[in-house]
Structures are given as C-alpha cells and as structure tokens.
Amino acid sequence: DQVTIGSFGIRLSGGQRARVALARAAYMEAASLVLMDDPFAAVDGPTGNHIFNELILGSPLRGRTRIVVTQPEKSRLQHFDRLLLFEDGCIVEMGPPAEVMESEAFRRIESQVEETASVGDVAVSRNVGRVEDAMTMVKQANEAGSLLREDEVREDITWRTIWWWARTAGWVDLFVLICSVFLQSIVEMRESLVLAVWIDAKVAYPDASDGVFMTRLIVVVLCCCAAICICFLAVSTTTLGAARSIHNQVMSCLLKAPVDRFFDKQPVGRLINRMSFDMKQVDETFVQTIFGMCSMLATMLTTNLFILWVMPRSVAFLSVPIYAMTFYFVYLYRGIAVPLVFHSKHSLSSVQDLQAVVISQCISIRSNGMMDSFMVRYNHYSQSVIRSQYLIYYVCRAWAQSRVFLCFGILAAYFALGGLYSGVSMGILATCVSFAFFQMSQFEGLCMIFTHLLNVLNALQRLSRYVGLPEEAAEDMPNDFSVLKRAKIRRGELVPLQMRAEAKSGGETKDPSPLQVCIRGGKPILRLSADGKHLEFLEGCTPEDLAPACKALQGFTGTFHIVAVNSLSASAEQMARELCTPPAVVWLDFWSSDFNEGLRVQIEDLTAGYGNAKSVLHGISLNVEPRTKCAFVGKTGCGKSTTLLCLLRFLEPRQGRLLIGGRDTTKLGLRALRNIVGLVPQDPTVFEGTIRFNIDPFDEFPDARLWEAVQSVQLMPYIRTLPDGIDTYIERDGSNVSFGQKQLLSLARMVVRQPPVLLLDECTSALDPTTQEAAQKTILKDFPRTTTIAVAHRLETIMNFDQVVVFDEGLVIENGTVDELRKADGAFAAMLRAKAAASVRPSQLPSS
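Residues numbered from 1 in each chain as written. Predicted model: local features only at pLDDT ≥ 70, side-chain atom pairs only at ≥ 80, totals over all residues. Heavy atoms only, no water.

Colleague: What is the right way to read the overall build of the protein from this model?
Modeller: Regarding its fold elements, the protein presents 25 helices and 24 strands. Put simply, the protein has 848 residues, and 47% of those count as buried. Once local pairs closer than 6 in sequence are excluded, the contacts in the protein between residues at least 24 apart make up 75%. Here the protein displays about 42100 Å² of accessible surface, and carbon together with sulfur accounts for 58% of that area. (Helix = DSSP H or I, 4+ residues; strand = E, 2+ residues; numbered from the N terminus. Buried < 20%, exposed > 50% of the residue type's maximum accessible area, 1.4 Å probe, protein only. Contact = heavy atoms within 4.5 Å. Areas by Shrake-Rupley, 256 points an atom, 1.4 Å probe, with all protein chains shown as cover.)

Below you can see the structure in the form of structure tokens.
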C-alpha cells in the first residue's frame, strides 16, 4: 500500500482506480453506510466476482449497510437483502430480490438483454498472489513511481534565459528602450547641473541675469518630459511584443508536449501556476520592473560617476571600500531572497494543485470525510506562501536596508568632509551631497524593485522550462493520406445537375441502363457504383467540377467517390437525386477509392510503455481485417487501453510498428492519423457547450445527421424531456449529465463522424442493459465502412464480433473468432465457462 500512483492515479487503469476507491471505502470502519455506484463497471470478470464475494458480501463490510447501484444480473442480485428497481426516475418495484425478479418490470428489462448476456465476461479467477511476489511487485512499482512526478527544483536565472527573453522582445525595441533609459538619466542629471551652475554663478556674480538660466532650465525640463514619454512608449512596445511572443511559444510547446513524458509527470497546480501567475508577472511587470531597475541603476551610476569625477582623486579612491561593503550587503540579500522566492512559488504551485484536486474530487472528499486533512494541507501550503513573502518583502529587505543606509550615510559624510577639505565649490559640493542623500532615500525603492525583479526573473526561468519540452510527432508529414473528406457547399456554388441514363456504345439508351449525374445540358460527372451504395466520378472528373468556386473542394489529391449527401448514405440513387434538387446547403462526404474496402490494422512486434517506466506491452502482433469488428479482452491492466493509445500515437512504440492501411503510423503526421482514427474513451469527454456542439463541435454535419446519431444511441428520449432539446447547455465537466449519458454523447460523436478506424475503450460500461443493447446494435450496424477495435470487460457485448484478442500481462495469448476460441478450450473459453457457472451457482457466503 506504499506504492506511488501519481497525480490523479495516472499509473492506474480505470479498473484499478475503481478498486482503490472501493478499498478506501472499506478502510473507513467508522462509516456505517457505504454507497457504491456500479462498482463492477470498470473491472474485468474475475475481479468483479472477487469484489462481490470478498468485499461486498465479505468481512470488510459485514455489519454495515451497503447500497449498491448495479446492473440487473440475477447471479448477484439474489444475494442482496432488498432490491429497488428504477425506471424513468421512479421506483417501480421494491422488495426482496426473489419477489422483484419475478415482477413484470424486471422481466421487461431482462427480456431486452440479448441471450448472450448469460455468457459473461469473467476470466478464470487466479490466485491473488503470493506474499513474496507481492513484495517484489511493490518494490518494482515504487521504482517506477519515482519517475512519475518531475520534481520542481530550484533554478537560478541563467544568461541563456535572459538571451531567450531578449530575442522574444526584439533587438530593435530593446535598443530603443536602453537608449531612452540612459537618455532620461542624463537629462535628469543635466537638470541638477543647471541648478548647480546657477547657484555658483549667483554666488560669484550676484548681479548676474537669471533669464539665461531660466531658459536653460525650461529647455532641460521639456527635454526631460520628452525623454520620459519616449521611455514609456519603448516600455509599452517591448512589453507587448515580448508578452505575445512568450505566450505563443509556451502555449505551442505545451500543446505539442507528449502525454506520457510530460503531462503525466506534471502536477496540475504547477501548470496552472506557471500559466497564470508566472505568465501574468512576465506579461505585466517584467519590462516595467526591468525599466525601473535600469532607470534607478542608471541614475545611481551617472550620479556616482559625477561625484567621483568632481571629487579629488584621493577622496574618490578612498571611497571604494565603502562601495564594496554596500555591494556585499546587496549580494547577501540576493543569496537569501532567491531561495525564498523559489520556496514561495513552489508552495503556490502546491496550493493550486490542491485546489484542482478539491474542485474535481469534491464529492469523494466529502463522502470519505477527508475535508479536515485537505484543510490542514491547504493551510500548510498557504502559510508557506505567506511566510515566504513576508520574509522576502519585510524581514530580509529591512535587514539589507539598515546596513546599506549606514553605508550611504558614511559615504555622504565622507564626501562632504572630503569636499570641504579639498576646496570643491559650494554649488558642486552641495549637489554631490544631495546626490548621496538622494541615493540613500532611493535605495528603499531600489530594494523593493530588486525583490520584484527576483520574483519576475524566477517566473521567467520557470516559463523558459516549457519552451524546450519534448514534442509529439509533426502535425503534417510528406506521407500523409486522407481516407474521408468532407465539404460544405452552398446551393449557389453547386453547378446545375440532372440525372439521365448512361448511353450505351451504340448511342442507344434504355431505362435499365445505369444512371449518371450530368451538368445540366453538359457532360456527365458522376455515375452510380456497381453495388449502388456510392457515386463514382467518371474518368477525368474531380470533386472540384461539382462546385468550381467552392474552396473546400480545391486541392483534392487522389481519387474519391461520394458516400454521403446530407443525411443520405448507402443509396447512390437517393444521393444523386439530392444533388440534382439540392437544399440551401449540401454536405458531402468523400471516401478515397484507394481504400474502398476499408482499412486494415496491423500490429507487428509492438513494445510500448509510459514515460521512462518499464514496458507495458511486450512484442504483441495481430491483424485486424478491413471493416471487421475486433474485441480486446483480458483482466484490467493487461495492456488493452495502452494498445489503443499506441494506435493514436499518444504513446510511441519502443519496438515494432503499427500499420493502418499499409502505412506505418510513425511516418504519418498526427493530423492525418487522428482524422483517420476515432476514439470513444473509457472516461468520456464532454465539452462546456450545447449538446449539438458536443456532437458536432466543428459544424461539419447537417442537423438531420445529428438527430439520426442521437436516435441511434438512445439519447432521443432524454433530449425530448429537455426544454431546449439538442441545444441544451452542458455545464463544465458535464456536471448536469450522468456518466452513461456522457458515454452516449461520445458514441454519438463518432456515429456522426464515421471514422475509418474506430477505437472503443469500454464505452458502454455505465449503461443499463437496454441502452447497452441499443449501443451494441449501433456499433454493429451504423459503422458500415469502419474497422472497429473495442476493449470489453462484458463478454456479452462482443459475442457478435468478427475477432477476439485475449491479452494477459502485455502479451497476446489468444486470437481468433468467438467460435474458434470457444472450441480451443483456452483462456477465452474459461471466461465463458466461469461466467456461466457463476450465473447458476448460488454463493455460499452470507448476505449480510
């Protein structure tokens, strides 16, 4: 139980995360009521049986009230004390299991499940493991866990980072900024010199005219105002240019960073902190802080050079030790402040990481009574931030100021006495002494700006770490190809078309002859295919001939045929009639003729894993024929989902290769690959927006196609109950829809999109039997051109598939059709027998 699982359980599969949650509930011995929401959905068969017999009915929860939300499986329901049957938000039956399972409502639900539901998805239950093997596994897991989170280490600002910022700001803008800063300092010093000369002239010649000096002073003041305006203009230009460039570079690198080598190792709070607080500091205060620092340093440099220049050489030389002592105190202050700045930023990242966890896991934290522990951690990190900032801005700054003030006081007294002794004129001496006292008062502001500068430089250094990140493969590569393309054409852009029978070689026409689609009064463009399911372009014709002015049809490479017009598909004649009498907007789907029979998926000697951890897959090889349905089965954590991630190139192969349509995926750009492959994940993703937006986020399909997809995945009854229908707004993270509805939305998205290759990662785990059966029919019938690969824990969902692949510990141990594997009497056959036996054999364990 000391194994490190990483932020949000990144090292665990969906089933393993579910078991951790169940174990947490079992360890809460003080809880007299335990609520479990479908605990068997994300786990394989043997694990589900073990959880049911050893946890729910076993000693860990004995004596406690257990409320379990689950699917209507008689083999498990018969062991409960009381059964509540829900339908359309109401309790329709309630009582002992024997009575409820004999009711009409239960039979109605049960009759809607396919006969194959009696054949389950459980594998032969293996021994949990020996003690000595468990200790070895813990040691190996901890070694891998140490690679999960990339530790945030202290980094001082480097010249490489400063050089990077200078390049992002632009050399011309920086040159103008530096020149304007020194120009302002020189003009301000000139103003003081005019006053000093004026004083000396009045002392030497009391009757001297003041007009000349007034004119000089007015001119200098005007020049000073102009220099200030130039400075602020240079600061604004440099700030905007650098902020825009840094933001674009960092965001571009983050969006291209690999999941396993970066995002899985970065706490969410660290990303939030750097992209919010650090980015804000660099955007808003970096140039201003640099400008203020440079301005004060330039002022101090010019004034001290002036003092040292007008003072006698002996006096100037003897002041060097005082300057050295001042710089030494500043150096000590920097050495203390920099670690405190890092500690403050690190604690702030921890605060925001904890906030992200609390926001996303609020229900679990409250239900498990962990609010106090989270509050203690939050207070600890918050206090670390406050203490660090207090030490930086008050304690350390006061320590440095007290010592530097003493040095400047000694320096002012020394220059005053040395100037009087050496006979320096009163005007110049008064100016030098005033400069010395001015530096003393200015150091407090300089110290504050220096502290801000340390914060900003630390923020810049942290952001620079995100510029040199490892990247995923390129978006586009020379070997890219397209299988499915879409175009949206307005009726005014479409050339007038008409249907007519294809002319025979003798020039005669007959009604039974194949139909063609021609330009009205012109040449034919399309003809019906031999199977009557799509429209083919005639030789020498291209999609651009349909609408020469439409940009979406320009640049098509290769040969394509039309497989869908608006919501019509699988009937070439209906699609042709729709083209000849088009509505205001026409949506066309084009399929590459090179892959008319679909795409074959081949995996050859694939070895893969996450980040720097050990490999999860160990040399697997398999073929999935075009337009077939293939199922991956096996216990949780055996590599099924990892294989799907490799197909999408979220994980890169360490050995071997994957081919889609005969093309190596490592030689394809990510844009082309992920347009070909669609995914419905185990944890479905919904976006903040309407249901329509979630199904069609890029507005690529007509409304009729969206409604067909909603109907096919059984979302129509739910949508009809909503006041706004398909335009109902989904809240952030889908908080106003159930987990099963999220799965159906993700599946509907793929029904509309019709990808050439579809990956399903246990996409029906949270559905009731009725909806699951409808979803299975959708998977089997609504993807006629798609090669489908599905990860399944419930074997009843894949009994009609063309191919089954059994995984075990990262290896393929069986591969074949359902009938072949059943007759082979191997692992898959054992899964079927175990479920059948569990369905008819009552448990010997007590029910409460």
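Right, picking up where we left off after that structure.
Colleague: In this structure, what is going on with the environment of T786? I would like to understand it.
Modeller: Inspection of the secondary structure assignment puts T786 in the loop between α23 (769-781) and β22 (787-791). Judged by its relative accessible area of 0%, T786 falls in the buried class. Each C-alpha atom, one on T786 and one on G678, is 9.9 Å from the other, the two residues being 108 residues apart in sequence. Among residues more than four places away in sequence, those in contact with T786 are R627, T628, K629, Q754, P755, P756, V757 and L758. Of note is the side chain of T786, whose polar atom sits 2.7 Å from the backbone oxygen of P755. (Polar contact = N/O pair within 3.5 Å; in protein donor to acceptor, adjacent residues only side chain to side chain.)

Colleague: Hey, could you run me through the packing of aromatic side chains in this one?
Modeller: Centre-to-centre distance and the angle between the planes together describe a pair of aromatic rings. The full count for this structure, using the stated rule, is 12 aromatic pairs. With a centroid separation of 5.5 Å and 90° between ring planes, the pair formed by F262 and Y466 is classed as edge-to-face. Taken together, the residues span a long stretch of sequence, with F262 in the loop between α9 (211-256) and α10 (268-310) and Y466 in the loop between α15 (426-464) and β5 (484-490) at a distance of 204 residues. For the pair F262 and Y466, a shared accessibility class is recorded, and that class is buried. Pairwise contacts between aromatic rings join F262, F263 and Y466 into one cluster. Seen from the ring of W591, R785 lies directly overhead, with NZ or CZ sitting 5.6 Å from the centre. (Phe/Tyr/Trp six-rings, centres within 6.5 Å; stacked < 30°, edge-to-face > 60°. Lys NZ or Arg CZ within 6 Å of the ring centre and 35° of its normal.)

Colleague: Would you explain the nonpolar core in this entry?
Modeller: One broad rule of soluble globular proteins: the nonpolar side chains tend to lie buried together. With 71 residues, the main nonpolar core has W165, I246 and M311 as its most contacted residues. Elements supplying a minimum of two residues to this core: α7 (159-169), α8 (171-204), α9, α10, α12 (320-360), α14 (371-422) and α15. Among the elements that make up this core, the one with the highest residue count is α15 (18 residues). In contact with M311, not counting residues within four places along its chain, are F415, G419, V424, L429 and C432. (Core = buried A, V, L, I, M, F, W, Y, C linked by side-chain atoms within 4.5 Å.)

Colleague: Looking at this structure, I do not really get helix α20 (residues 703-712). What am I missing?
Modeller: For an α-helix, 3.6 residues make a turn, and residues three or four places apart therefore share a direction. Of all the positions in α20, only R705, L706, A709, V710 and S712 are classed as buried. All buried residues of α20 project into a common sector of 165° when viewed along the axis, lining one side. Looking one or two residues beyond α20, the residue adopting positive phi is Q714, at roughly 65°. (Arc of directions from axis to C-beta.)

Colleague: Explanation requested: the side chain of S592 in the structure shown.
Modeller: Inspection of the secondary structure assignment puts S592 in strand β12 (residues 585-592). The class for S592 is buried, based on a relative accessible area of 4%. Sequence-distant contacts of S592, that is, excluding residues within four places in its chain, are made with S482, V483, T559, F560 and H561.

Colleague: What exactly am I supposed to notice about the sheet that holds strand β16 (residues 655-660) here?
Modeller: Pairing between sheet strands relies on hydrogen bonds along the backbone, with the strands arranged either parallel or antiparallel. Across the sheet, which stays open at both edges, the four strands sit in the order β14-β13-β16-β17 with antiparallel pairing between neighbours. The open sheet has two edge strands with one neighbour each: β14 (615-624) and β17 (663-664). As judged from the seven bridges shared by strand β13 (residues 601-609) and β14, these two strands associate in the antiparallel manner. From the neighbouring strand, L606 faces β14, where its bridge partner is I620. In the packing of helix α17 (residues 640-647) onto the sheet, contacts are made with β13, β14 and β16, and the angle to β14 comes to roughly 70°. (Pairing = 2+ DSSP bridges. Axes fitted to C-alpha atoms, helices over the stretch in contact; angles between N-to-C directions.)

Colleague: In this structure, what is going on with the pattern of salt bridges? I would like to understand it.
Modeller: Oppositely charged side chains are able to pair whenever their charged atoms sit close together. Inspection of the entire model under this criterion finds 15 salt bridges. Between R671 and D476 there is a salt bridge, with its nearest N and O atoms 3.0 Å apart. Residue R671 is found in helix α18 (residues 670-676), and its partner D476 is found in the loop between α15 and β5; the two are separated by 195 residues along the sequence. Taking relative accessible area as the criterion, D476 reaches 48% and is therefore assigned partly exposed. A salt bridge links R692 to D727; its shortest N-O distance comes to 2.9 Å. (Salt bridge = Lys/Arg side-chain N within 4 Å of Asp/Glu carboxyl O.)

Colleague: Can you walk me through the confidence of the model for the protein in this structure?
Modeller: Parts of the model with low pLDDT should not have their predicted coordinates read in detail. For the protein, mean pLDDT is 80; residues scoring 70 or higher make up 88% of the total. Mean pLDDT per element in the protein: helix α6 (residues 131-145) is the minimum at 43, and β16 is the maximum at 93. In the model, residues 114-148 has pLDDT below 50 throughout and makes 64 contacts with residues more than four positions away in sequence or in other chains. (pLDDT = per-residue confidence, 0-100.)

Colleague: Looking at this structure, I do not really get the packing of α10 against α15. What am I missing?
Modeller: The angle between the axes and the distance between the axes are what describe a pair of packed helices. Close contact between α10 and α15 brings their axes to 7 Å; oriented N to C, the two are set at 155°. Taken together, the axes of α10 and α15 are roughly antiparallel relative to one another. With respect to the hand of their crossing, α10 and α15 are arranged in left-handed fashion. (Parallel < 35°, antiparallel > 145°, perpendicular 65-115°, else oblique. Left-handed = near helix turned anticlockwise from the far one by under 90°.)

Colleague: Sorry, what's going on with the pairing of strand β23 (residues 803-808) here?
Modeller: Here β23 lies mainly inside the structure; six of its six residues are buried. Here β23 shows two buried faces, one formed by Q803, V805 and F807 and the other by V804, V806 and D808. Bridge analysis of strand β15 (residues 629-633) against β23 gives four bridges, and the strand direction is parallel. Each bridged residue has a counterpart across the sheet, and for V633 the counterpart in β23 is V806. Pairing analysis gives five bridges linking β23 to strand β24 (residues 811-816), with the strands arranged antiparallel. Directly across from F807, in β24, lies its bridge partner V812.

Colleague: What am I meant to see in the environment of F80 here?
Modeller: The topology assignment puts F80 in the loop between α3 (74-77) and β3 (83-87). For F80, the contacting residues outside a window of four places in its chain are F52, V68 and P97.

Colleague: Would you mind showing me how to read the sheet that holds strand β21 (residues 757-761) here?
Modeller: The strand order across the open sheet formed by six strands is β18-β21-β22-β15-β23-β24, and the pairing between neighbours is mixed. Where the open sheet ends on each side, the last strands, each with one partner, are β18 (677-680) and β24. Going across the sheet, the axis of each strand differs from the next one's by a mean of 15°, ignoring polarity. Here four bridges tie β15 to β22, and the two strands are oriented parallel to one another. Residue pairing for β22: K629 is matched across the bridge by T788.

Colleague: Explanation requested: a nonpolar patch on the surface in the structure shown.
Modeller: On the surface, a cluster of nonpolar side chains totalling about 470 Å² of accessible area is made up of I178, F182, I186, L301 and L305. Elements with a minimum of two residues in the nonpolar patch: α8 and α10. Tracing the chain through its elements places L301 in helix α10. (Patch = residues over 30% accessible without salt bridge, like charges linked within 9 Å, V, L, I, M, F, W, Y side chains within 5 Å.)

Colleague: Would you mind going over unusual backbone geometry with me for this structure?
Modeller: Note: most residues except glycine have negative phi, and most peptide bonds are trans. Of note, A570 is a non-glycine position whose phi angle comes to about 70°, a positive value. Structurally, the position occupied by A570 is in the loop between β11 (568-569) and α16 (572-580). A positive phi angle is found at Q754, which is not glycine, with a value near 55°. Relative to the helices and strands, Q754 is located in the loop between α22 (739-753) and β21.

Colleague: Got a minute to help me understand the environment of P582 in this structure?
Modeller: Looking at the element boundaries, P582 is found in the loop between α16 and β12. Spatially, the C-alpha atoms of P582 and V565 are 9.6 Å apart, while their sequence positions differ by 17 residues. With near-sequence residues (within four places) excluded, P582 lies in contact with R491 and L494.

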